[in-house]
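Observations on the three-dimensional arrangement
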Protein chains: 4
Amino acid sequence: MIRFNNDYSQGCHPSILQALTEINSTSYAGYGEDEWCRAAAQEIGKYLDCPQAAVHFIPGGTQVNVLALSAALRPYQAVLCADTAHINVHESGAPEHAGIKLVTCPGREGKLDPAFITAQMELYLTSTHQDQIAQPKLVSLAFPTEYGTIYSLSELEAIHALCEQYGLYLYIDGARLGYGLGAAENDVTMADLARLADIFTIGGTKCGTMFGEALVITNPALNVGFRHYMKQGGAMLAKGWLLGVQFYTLFRDGLYFEITRQADEYAMALKSAFAQKGVSCYIESCTNQLFLVVEDGQAQRLAEKYIFEQYERVDDTHQCVRFCTSWSTDPQDVAALCRDVALML
Amino acid sequence: MIRFNNDYSQGCHPSILQALTEINSTSYAGYGEDEWCRAAAQEIGKYLDCPQAAVHFIPGGTQVNVLALSAALRPYQAVLCADTAHINVHESGAPEHAGIKLVTCPGREGKLDPAFITAQMELYLTSTHQDQIAQPKLVSLAFPTEYGTIYSLSELEAIHALCEQYGLYLYIDGARLGYGLGAAENDVTMADLARLADIFTIGGTKCGTMFGEALVITNPALNVGFRHYMKQGGAMLAKGWLLGVQFYTLFRDGLYFEITRQADEYAMALKSAFAQKGVSCYIESCTNQLFLVVEDGQAQRLAEKYIFEQYERVDDTHQCVRFCTSWSTDPQDVAALCRDVALML
Amino acid sequence: MIRFNNDYSQGCHPSILQALTEINSTSYAGYGEDEWCRAAAQEIGKYLDCPQAAVHFIPGGTQVNVLALSAALRPYQAVLCADTAHINVHESGAPEHAGIKLVTCPGREGKLDPAFITAQMELYLTSTHQDQIAQPKLVSLAFPTEYGTIYSLSELEAIHALCEQYGLYLYIDGARLGYGLGAAENDVTMADLARLADIFTIGGTKCGTMFGEALVITNPALNVGFRHYMKQGGAMLAKGWLLGVQFYTLFRDGLYFEITRQADEYAMALKSAFAQKGVSCYIESCTNQLFLVVEDGQAQRLAEKYIFEQYERVDDTHQCVRFCTSWSTDPQDVAALCRDVALML
Amino acid sequence: MIRFNNDYSQGCHPSILQALTEINSTSYAGYGEDEWCRAAAQEIGKYLDCPQAAVHFIPGGTQVNVLALSAALRPYQAVLCADTAHINVHESGAPEHAGIKLVTCPGREGKLDPAFITAQMELYLTSTHQDQIAQPKLVSLAFPTEYGTIYSLSELEAIHALCEQYGLYLYIDGARLGYGLGAAENDVTMADLARLADIFTIGGTKCGTMFGEALVITNPALNVGFRHYMKQGGAMLAKGWLLGVQFYTLFRDGLYFEITRQADEYAMALKSAFAQKGVSCYIESCTNQLFLVVEDGQAQRLAEKYIFEQYERVDDTHQCVRFCTSWSTDPQDVAALCRDVALML
């Protein structure tokens, strides 16, 4: 069976394994206060054009999301996000467990409608009993979204402008950042994110590391006491250098961008193969996740050789399925699937 | 200026004031362990037909809502409710602050659509990654709703049946319970609520008391350690008998039902007066809150003599306004407003 | 049976009951935005000599303590207090439930040892892994303490100086403030508290009101968003004027100071009566709570006519008991007890 | 410089690195639902003699502590522990951030005094206002303790008996479990822990893994919804097999016990070397951490070649320092330090 079900089904990029192997017997200071974390932050910094940015390395994705929101918000402040956001539907209520209210609008292909920001802020600002409403204070979006779509630079600029206007923080969940940056139609850079967001993440787990996410805080107000938040949130890895050396390896020579861009290309090849057999996209993605509408019989045939994710029923005879490529995708597997799509569907 | 803006703009019913005055110099044991609380629970119990029910008295409405949810739920469990629910929009994020996730659907005239319960439960039960979704475990609805509408007995029975089917608790927020029970078209009794809900409230603040809500817990599992929750939540009044004597006064002779039914009648009289001038209802309420669509000019003229609440804009020339009657409404004020509606609009 | 078991066993001072009665049928704006709250804040302000002070009125004592700490602290910051503090031992873990760590030292007669502040701060500041320690950020003490003792002005000045030195907030829990201010040996004024504390409370429940505490915030940084905290904490009373009119009545003519000073005198009279029979104090209090060491037989005889609190065993034949006077104590009851002490012990 | 400052300064045991390397390019199902986690749980199970035990793998130590306490306790319940416990002093208030109150007693060489359990329970059970006290419900202790000491089997049996008597859960923090089990004077087995504790951890980070702790839940009541807790707590690793394969490697052939026992022997060798120069122990440890009282000049000389931890001042001329051995300690480094102690001190 060949796995296309997600982008975190293998260990790590060989270069990372090699780096971990090389330093395995070297002793380091703990808790992220080591030379690898410093070096990795420096390499990442080269892409940010943002001297005041702080970079932290955190083991898991749910952790980093909750920490980012927690560090930004007072207990009575709320997050504006799409209802399809990972923080809303795939974290078992982790933000609320941390006391954070999410106010959601229906996602448009996974994206947040800027009109929702305006509407919520006007509702709040014109309320006669403002104290009784959780104060919207942060906009959270994902780049790329949970449906593989991306925001254009002008869309991000527009959301950023609304945040400025209303005094909102902007958080960007970049769990799959590389795949967004690597998309053919993308016009956003890491420096754009650093300029537009107060805080954003650079996903590792789904982009080549064994585990670990980088958090970039460009707004110094959100960095106050942040390492306390990390420790309290169980997110300060004792052997922090394990995270540092992984991100250093990915960013020293641009490996991060290369392997994710490659995965996007594989996904587009698959998309073409499906399209040629008349299989349409449920949502038009340009990154490594494909959401396809297939007949039940087609799904069944594909499932004989491939593992993919069944998303939801579309109608009585069709379903939406997700195929994911990743940094670890074998080109031979892509070729095989393209061939089978041509033959089997 | 005459106030029709809410149902909590005056102190308390004269009988309650008299009762408080009579016992003002008597000493009692603290923390709700006094004879008045016991007597009040007993009087309320006569309407419940539910021997195992526990009754607690709690100072405020937001407190009682959060305590009810907290006592019922583990940290990873979620509430299903309408997006118009008080707990969702008027408590500054209090449930989330207590770690509770609310999963909402658009309210239909303030009411929860049972189809939403089914949909969410099927989503959860068929999920391949169930651990990553907050587990729906409690349905919360208001009787009457925040828009003055009520559920029929058969509607409540249907929701109760879904809760049984899916292992969900049912919580009913009765902040305005009396006005619901007193509505001409209501067919629900307190015994019905005790039979159908695991936990529900009997509102005092909006129904005749100075302050205070009664919480009825019919499911003994939700009563475990409940007084600890109360104390921890700052909801155990030192002078608990102040709550007891108020509820005793309201329930001893049925005063609670009488004064709220009267307010409903006043509201219906106002509704007729408005209807005769062609003013329609934004939402068709049968209780003490009227949501009316008036022209801006009409609103302006009424605002010269009356205080009422401006809800939201309907279109360029119309707005939705709320007029509330209550246990403290003076019939002369109702007559005056009816007259003015006839003359001024 | 005559109650000396606590200072919250009766309704409220007759002047307050009269004020509540007079305004019972008047309509007011809700949520503390009424003229009585404003007037009460103004009257209290006259004693503060602190123009920037904000005054909020809150139903309960546990609520006000938790809100004060919450508004002051970030999640990773801790409170320094005596282990005998009400927040540590009598609130069912309410501060921790709100996410706040209390770091305690053994109380000396209920008081906080300033050396503990220095020790904890030096431990924190010299730690090589500071991020792993909850950062001490607030000193909490009670005036008077839970054992009826008071801090002298110079003691408060010294603690204040340490807070300044280490960047700590100072919170003073004044649940029984009147009894502290009214003590014969007291040299502290409300203006001193306003000058030395960032935030402190003026107790009502134990000092003459039906219910309600006033919270004075002298440090504007702690007042940001405070009404949001109140609502979220279930501490924004719908009929806020009920609190306002009570505190207005107590502070307009100094009634607050008069009735509590009187209670202190009663307590001192009782203390003398006991002392003449050789009954010594467990802790030497100068306010309305007496902690006495009595033989078991003596306790038994007194319990035939009086209700008082049994605190703890002292040795095989002696126990510590608490007798409380209050604003509602009847001088005839004091006289009776003095007489009985002389005759019965 | 040679590091003896802690037991988590190197990556992982070579066998683990090899295992990770071997499976690096193999695809697995996510979130701990893979064959390695199953196999690891099975290998651990062989030592437990407890068929109903559930085993979970969790990235970090603070996470696992907080999750264990959270899964066991309702919000109003408290933990009894030594004030020296890691959860109390080295986790930046993580338990309290999760709403959990810790009630502490002075640790005796890091150990919890059973008399404290009895005292707290009697205080609670005899309280007249039980609802106002956080209910003690769980005893937390560490094996070995933070000071390297261990409980004997009879001591654990005695604490277990108290827990049974009072209805308390017993949690054992085994962050350094291997070093405790491997101590020459230890008479406790993993099966003993499974029999006596409701929930306990098997530390990985300090005992040979790159990262990761195993949590054993022997009381099924504490396992209800546990994977929801994990996800919500950000503790469900996407690539769960990374944890599984590490623990499998450690437990398949007893490697876990071997490498930690060896470290204990190294520590005892160092202890002898210091003792021969008259250096005494601050606390008499039998595991891999040594707490030694050295003269300032001695500390200074050792610091020229060795990195160790300065704990606290003992007097004007002496300090307490910690030397740690570990699974990664090089015997040549031990020999060098023994030699230098003999020569330099």
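Everything numeric in this text was worked out from a predicted model, so none of it was measured.

Quick look at the overall build of chain A now. If you tally the helices and strands in chain A, you get 14 helices and 13 strands. Scaling as 2.2 N^0.38, a compact globule of 345 residues should have a C-alpha radius of gyration of about 20 Å, and chain A matches this with 21 Å. Seen through its C-alpha atoms, chain A measures out along the principal axes to roughly 60 × 60 × 35 Å. Per-residue burial over chain A gives 65% buried out of 345 residues.

A few words now on the packing of aromatic side chains. This structure, assessed with the given rule, holds 78 aromatic pairs over all chains. Plain terms: the ring middles of A:Tyr31 and D:Tyr8 are 5.6 Å apart, the flat faces sit at 65° to each other, and that makes the pair edge-to-face. Of the two residues, A:Tyr31 is situated in the loop between α1 (14–22) and α2 (35–45) and D:Tyr8 in the loop between β1 (2–3) and α1 (14–22); the pairing between them involves two chains. D:Tyr8 carries the same exposure label as A:Tyr31, and that label is buried.

Once that is clear, we can look at the interface of chain C and chain A. At the junction of the two partners, chain C supplies 22 residues and chain A supplies 22 residues. The contact between chain C and chain A buries some 1900 Å² in all, and 50% of this surface belongs to carbon and sulfur atoms. Three residues stand out in chain C for area buried against chain A, namely C:Tyr76, C:Asp131 and C:His228, and they jointly supply 37% of the buried area on that side. Summed over the shared surface of chain C and chain A, the number is 2 salt bridges. A salt bridge links C:Asp131 to A:Arg227, with the nearest nitrogen and oxygen atoms 2.7 Å apart. With 5 residues, the top contributor of residues to the side of chain C that touches chain A is helix α10 (residues 226–232) of chain C. Looking at side-chain class alone, the side of chain C that touches chain A contains 10 nonpolar, 7 polar and 5 charged residues.

Residues and elements named next belong to chain B. Taken across its 5 residues, strand β8 (residues 213–217) has 5 buried, putting it largely inside the fold. Alternating residues of β8 divide into Glu 213, Leu 215 and Ile 217 and Ala 214 and Val 216, and every residue in both groups is buried. Both strand β7 (residues 199–203) and β8 contribute to a ladder of 5 bridges, which runs antiparallel. Its bridge partner lying in β8, Ile 202 is registered against Ala 214.

What follows covers the relation of the copies chain C and chain A. Overlaying chain C on chain A yields an RMSD of 0.0 Å, the required transformation being a rotation through 180° with an accompanying axial translation of 0.0 Å. When the rotation and shift are considered jointly, the pair of chain copies conforms to a two-fold rotation axis. Of every C-alpha in chain C, the one belonging to C:Arg74 sits nearest the axis of rotation, 4.2 Å from it. In this assembly the copies share their binding face: 100% of the residues contributing to the interface of chain C also contribute to that of chain A.

Mapped onto the secondary structure, A:Lys271 falls in helix α12 (residues 255–276). Polar side-chain contacts of A:Lys271 include one of 2.8 Å to the backbone oxygen of A:Ser285.

Attention now goes to the confidence of the model for chain A. Should pLDDT be low for a region, the predicted coordinates there are not to be read in detail. Taken as a whole, chain A shows an average pLDDT of 97; of its residues, 100% reach a score of 70 or greater. Across the interfaces of the predicted complex, the ipTM metric reaches 0.96, alongside a pTM of 0.96.

Of the residues lining the interface, 38 residues belong to chain D; the matching set on chain A comes to 38 residues. The interface formed by chain D and chain A includes 0 salt bridges. In this structure, the connection of chain D to chain A is made through 27 residue pairs in polar contact (both at pLDDT 80 or more). Broken down by class, the residue content of the side of chain D that touches chain A amounts to 15 nonpolar, 19 polar and 4 charged.

This paragraph deals with the sheet that holds β8(B). Residue and element names in this part refer to chain B. Taken together, the 7 strands give an open sheet; going across it, the order is β2-β8-β7-β6-β5-β3-β4, and neighbouring strands pair in mixed fashion. For this open sheet the edge positions go to β2 (54–58) and β4 (101–105), each flanked by a neighbour on one side alone. Strand after strand, the sheet turns through a mean of 25° between neighbouring axes, direction not considered. Two elements, strand β6 (residues 169–173) and β7, share 2 bridges in a ladder whose sense is parallel.

Here the focus is the pairing of strand β5 (residues 135–142) of chain A. Put simply, side chains in a regular strand alternate between the two faces of the sheet. Residues and elements named next belong to chain A. When you tally the buried positions in β5, you get 7 out of 8 residues, the bulk of the element. As judged from the 4 bridges shared by strand β3 (residues 77–82) and β5, these two strands associate in the parallel manner. Looking at β5, one finds that Gln 77 is bridged to Gln 135. Of the pairings in the sheet, the one linking β5 to strand β6 (residues 169–173) comprises 5 bridges and is parallel in character. Note on β6: the bridge partner recorded for Ser 140 is Tyr 171. Taken together, β5, helix α7 (residues 153–166) and β6 constitute a β-α-β crossover, and its handedness is right-handed.

Turning our eyes to something else, we now look at the relation of the copies chain D and chain A. In the superposition of chain D on chain A (RMSD 0.0 Å, axial shift 0.0 Å), the rotation amounts to 180°. A share of 100% of the interface residues of chain D reappears at the interface of chain A, consistent with the copies meeting face to face through the same patch.

Let us now look at the sheet that holds strand β3 (residues 77–82) of chain D. Residue and element names in this part refer to chain D. Pairing is mixed across the open sheet formed by 7 strands, whose spatial order is β2-β8-β7-β6-β5-β3-β4. The outermost strands of the open sheet, each flanked by one partner alone, are β2 (54–58) and β4 (101–105). Strand-to-strand, the axes of this sheet are offset by a mean angle of 25°, without reference to chain direction. Sheet strands in contact with helix α2 (residues 35–45) are β2, β7 (199–203) and β8 (213–217), and its direction is about 125° off that of β2.

Moving on: the packing of α12(A) against helix α14 (residues 331–344) of chain A. Residues and elements named next belong to chain A. At a minimum axis separation of 9 Å, α12 and α14 run at an interaxial angle of 10°. By the angle between their axes, α12 is roughly parallel relative to α14. Between α12, through Tyr 266, Ala 269, Leu 270, Ala 273 and Phe 274, and α14, the contact on the second element is made entirely by Pro 331, Val 334, Leu 337, Cys 338 and Val 341. Residue composition of the contact of α12 with α14, by class: 10 nonpolar, no polar and no charged.

Throughout the structure, instances matching the rule amount to 56 salt bridges over all chains. Note that B:Lys101 and A:Glu96 form a salt bridge whose closest N and O atoms lie 2.7 Å from each other. Placement of B:Lys101 in strand β4 and of A:Glu96 in helix α5 (residues 94–97) is noted, with the two residues assigned to different chains. For the pair B:Lys101 and A:Glu96, a shared accessibility class is recorded, and that class is buried.

The relative placement of two packed helices comes down to the angle between their axes together with the axis-to-axis distance. Residues and elements named next belong to chain A. Running from N to C, α2 and helix α11 (residues 241–252) point in directions that differ by 30°, and their axes come no closer than 7 Å. Classed by the angle they form, the pair α2 and α11 counts as roughly parallel. The handedness of the crossing between α2 and α11 is left-handed. On α11, the residues that touch Trp 36, Cys 37, Ala 39, Ala 40, Glu 43 and Ile 44 of α2 are Trp 241, Gly 244, Val 245, Phe 247, Tyr 248, Phe 251 and Arg 252. Taken together, the residues that form the contact of α2 with α11 break down as 10 nonpolar, 1 polar and 2 charged.

Definitions and cut-offs
Residues numbered from 1 in each chain as written. Chains lettered and ligands numbered in written order. Predicted model: local features only at pLDDT ≥ 70, side-chain atom pairs only at ≥ 80, totals over all residues. Heavy atoms only, no water. Helix = DSSP H or I, 4+ residues; strand = E, 2+ residues; numbered from the N terminus. Rg over C-alpha atoms; globule rule 2.2 N^0.38 Å. Buried < 20%, exposed > 50% of the residue type's maximum accessible area, 1.4 Å probe, protein only. Phe/Tyr/Trp six-rings, centres within 6.5 Å; stacked < 30°, edge-to-face > 60°. Contact = heavy atoms within 4.5 Å. Buried area = accessible area lost by both parts, 1.4 Å probe. Salt bridge = Lys/Arg side-chain N within 4 Å of Asp/Glu carboxyl O. Nonpolar A, V, L, I, M, F, W, Y, C, P; charged D, E, K, R; others polar. Pairing = 2+ DSSP bridges. Least-squares fit on C-alpha atoms with pLDDT ≥ 70 in both. Polar contact = N/O pair within 3.5 Å; in protein donor to acceptor, adjacent residues only side chain to side chain. pLDDT = per-residue confidence, 0-100. Axes fitted to C-alpha atoms, helices over the stretch in contact; angles between N-to-C directions. Right-handed = clockwise from strand over helix to strand, strands pointing away. Parallel < 35°, antiparallel > 145°, perpendicular 65-115°, else oblique. Left-handed = near helix turned anticlockwise from the far one by under 90°.

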